[in-house]
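Notes for the structure review
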Amino acid sequence: MTITCPHCRYSRDIDPLTVPANVVRVLCPECGKRFPWPPKEPAEPRSEAEPRVRPSLPVTRTLPQTAGFGLRLVAQLIDGLAYGLLTIVIAIGLYLIIAFFGGSNERVLGMMSGLALFTVIAVSWLFSVFFIGYCGQTPGKMVTRIKVVRNSGGEIGFGAAIFRELVGKFISTMLFGCGYLMVLFDEQHRGLHDKIADTKVVKL
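No experiment lies behind these values; they were computed from the predicted model shown.

Overview of the layout of surface pockets
In this model, the largest pocket occupies a volume close to 660 Å³. Lining the largest pocket we find 23 residues, and of these Gln76, Ser128, Glu165, Lys169 and Tyr180 sit closest to its centre. At the level of elements, α1 (69-102), α2 (106-135), α4 (157-174) and α5 (178-185) are the ones that each hand at least two residues to the lining of the largest pocket. Residue contributions to the lining of the largest pocket peak at seven residues, all from α1. Partitioning the lining of the largest pocket into residue classes produces ten nonpolar, seven polar and six charged.

If you want it as structure tokens, here you go:
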């Protein structure tokens, strides 16, 4: 057994049986310095090319929570107020146009009144279609922090917005409003119009 001093590199061969079991430090007879025993083995140098492997952390994805019936109802009431104000402005403008161009001609008044009614109905359709197709949020949904998205989580777009707002809501309304009440009982709070257009309403 060879003992080497780490300070002066002096070495001596000794019998291992002569070394006491409880020895922790050794005195070098050459330089007189002490060093720990048994000596610590130097750590192997890390190769520069060897990449450091970091432990991978589990990736979790939190799905957005769907909006319930109460929150959607509040958004709908706010939309009704905003649409009502818009309708009043349009109605006043159309009334002034009819009064200016129609005069007392009953035929012209009838035609322009029908055109005014069609305009108000068209605006009511385009109101939701535009906002939902553009950003997934009507003014009421912006206030209540909810948004219409595809069931997969993507943006809805104008095609699905037209299908949802015109076709889906028409069917939900024709069923005596039962299509809207489905939001109360569905696990994802989806109404019939949501299922028809493959959409859902989520919280932001």
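There is more to say, and it comes next.
Regarding the UniProt feature "transmembrane region" (unreviewed entry) in the protein
As annotated by UniProt and renumbered to match this structure, "transmembrane region" (unreviewed entry) occupies residues 81-102, 114-134 and 166-185. The straight-line gap between the two end C-alpha atoms of residues 166-185 is 23 Å; of that span, 85% is helix and 0% is strand.

Describing the nonpolar core
A general feature of soluble globular proteins is that nonpolar side chains tend to end up buried together. In this structure, Ala67, Ala75, Ile132, Ile146, Val148, Ile156, Ala160, Ala161 and Val201 together form the largest nonpolar core, which totals nine residues. Elements with a contribution of two residues or more to this core: β5 (146-150) and α4. Contacts of alanine 67, omitting those with residues within four sequence positions, involve Arg72, Ile146, His189, Val201, Val202 and Lys203.

About the thresholds
Residues numbered from 1 in each chain as written. Predicted model: local features only at pLDDT ≥ 70, side-chain atom pairs only at ≥ 80, totals over all residues. Heavy atoms only, no water. 1 Å grid on protein atoms, 1.4 Å probe; cavity = no way out; pocket = protein on both sides within 12 Å on 5 of 7 lines; lining within 4 Å. Points joined across faces, edges and corners; volume = space filled by probe spheres on them. Helix = DSSP H or I, 4+ residues; strand = E, 2+ residues; numbered from the N terminus. Nonpolar A, V, L, I, M, F, W, Y, C, P; charged D, E, K, R; others polar. UniProt positions renumbered as here; feature names shortened; annotations may be inferred. Core = buried A, V, L, I, M, F, W, Y, C linked by side-chain atoms within 4.5 Å. Buried < 20%, exposed > 50% of the residue type's maximum accessible area, 1.4 Å probe, protein only. Contact = heavy atoms within 4.5 Å.

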